[in-house]
Amino acid sequence: MTFAEQVPGLTVRYQRRIPQLQRLVEAVGVVLASRGGARMLRILNVTLSRCTVLSQLMRVPFPALETPRVLGVDDFALYGGAYGTLLVDATTRLPLSLWEGRDTEQLSHWLRDHPGVEVACRRGSAPRWLPGLAGPPGPDHGRSGVWLSALA
């Protein structure tokens with residue numbers, strides 16, 4: 001069906017669903033993904049395939065990332081001596097950045113570009129990762145293996 005005039009808030013050009021239904025499909029897709037989302041929508045009397053729900057989920061933009069107050073840093077071995085680094089918001093547990101290598105310069109550069117990080121933590125043994133690390137936080141270090149650094 002084609003409308004000569006687009007009614008703001010009710011119709012959108014070249015779309016098969018009204019904006020309210022599109023937001024419902026996106027919200028269910030974010031929470032339940034493809035197959036579960038399709039099942040839930042079927043209960044709500046909206047018949048869509050799991051592939052359609054997944055394709056609508058892929059169109060949803062990522063939320064804007066804010067600089068975390070508590071930053072988690074983890075390095076991992078990829079293969080044959082290659083390493084990677086993962087930065088995670090320790091409060092929300094959302095990944096922030098991923099790069100190849102584990103040198104201190106990349107982390108320092110990221111911290112300079114994202115002021116506002118108050119605490120950085122790293123699971124592991126070597127404190128070389130965290131600029132400004134004064135040493136283990138206390139006797140708990142030996143059991144948990146977590147290094148904390150208060151960044152100024």
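Residues numbered from 1 in each chain as written. Predicted model: local features only at pLDDT ≥ 70, side-chain atom pairs only at ≥ 80, totals over all residues. Heavy atoms only, no water.

S.K.: Before we go on, may I ask you to explain a positive patch on the surface in this structure?
M.R.: A surface patch of positive charge is lined by Arg-35, Arg-39, Arg-42 and Arg-50. Counting residues per element, the positive patch draws most heavily on helix α1 (residues 19-43), at 3 residues. Looking at where Arg-42 falls in the secondary structure, it is placed in helix α1. (Patch = residues over 30% accessible without salt bridge, like charges linked within 9 Å, V, L, I, M, F, W, Y side chains within 5 Å. Areas by Shrake-Rupley, 256 points an atom, 1.4 Å probe, with all protein chains shown as cover. Salt bridge = Lys/Arg side-chain N within 4 Å of Asp/Glu carboxyl O. Lys, Arg positive; Asp, Glu negative; His and termini not counted. Charge placed at Lys NZ, Arg CZ, Asp CG, Glu CD. Helix = DSSP H or I, 4+ residues; strand = E, 2+ residues; numbered from the N terminus.)

S.K.: So what exactly am I meant to see when it comes to the side chain of Gln-22 here?
M.R.: Mapped onto the elements, Gln-22 comes out in helix α1. You can call Gln-22 buried: its relative accessible area is 10%. Of note is the side chain of Gln-22, whose polar atom sits 3.1 Å from the side chain of Arg-17. Those residues in contact with Gln-22 that lie beyond four places of it in its chain are Arg-17 and Gln-56. (Buried < 20%, exposed > 50% of the residue type's maximum accessible area, 1.4 Å probe, protein only. Polar contact = N/O pair within 3.5 Å; in protein donor to acceptor, adjacent residues only side chain to side chain. Contact = heavy atoms within 4.5 Å.)

S.K.: What am I meant to see in the pairing of strand β1 (residues 70-79) here?
M.R.: The side chains of a regular strand alternate, residue by residue, between the two faces of the sheet. Here β1 runs beside strand β2 (residues 82-89); their pairing, made up of 8 bridges, is antiparallel. If you follow Tyr-79 over to β2, its bridge partner there is Ala-82. From the end of β1 to the start of β2, which pair antiparallel, there are 2 residues, and Gly-80 there has a positive phi angle of about 45 degrees. (Pairing = 2+ DSSP bridges.)

S.K.: Looking at this structure, I do not really get the nonpolar core. What am I missing?
M.R.: Counting residues in each nonpolar core, the largest one holds 9 residues, listed as Leu-71, Val-73, Leu-87, Leu-96, Trp-99, Leu-107, Trp-110, Leu-111 and Val-117. Elements that contribute at least two residues to this core include exactly β1, β3 (95-100) and α3 (104-113). The element contributing the most residues to this core is α3, with 3 residues. Membership of the second largest hydrophobic core comes to 7 residues, among which are Val-25, Val-28, Leu-41 and Leu-48. (Core = buried A, V, L, I, M, F, W, Y, C linked by side-chain atoms within 4.5 Å.)

S.K.: Teacher, can you tell me more about the pattern of salt bridges here?
M.R.: A pair can form between side chains of opposite charge whenever their charged atoms are brought close. Inspection of every chain in the model, using the stated rule, returns 1 salt bridge. Linking Arg-69 and Glu-118 is a salt bridge whose minimum nitrogen-to-oxygen distance equals 3.3 Å. Of this pair, Arg-69 sits in the loop between α2 (50-59) and β1 while Glu-118 sits in the loop between α3 and β4 (119-123), and the two are 49 residues apart along the sequence.

S.K.: Sorry if this is basic, but what is going on with a nonpolar patch on the surface here?
M.R.: A grouping of Leu-24, Val-30, Val-31, Leu-32, Met-40, Ile-43 and Leu-44 is seen on the molecular surface, where their side chains present a nonpolar patch of about 640 Å² in accessible area. In this fold, Leu-44 is placed in the loop between α1 and α2. When its relative accessible area of 43% is taken as the criterion, Leu-44 is described as partly exposed.

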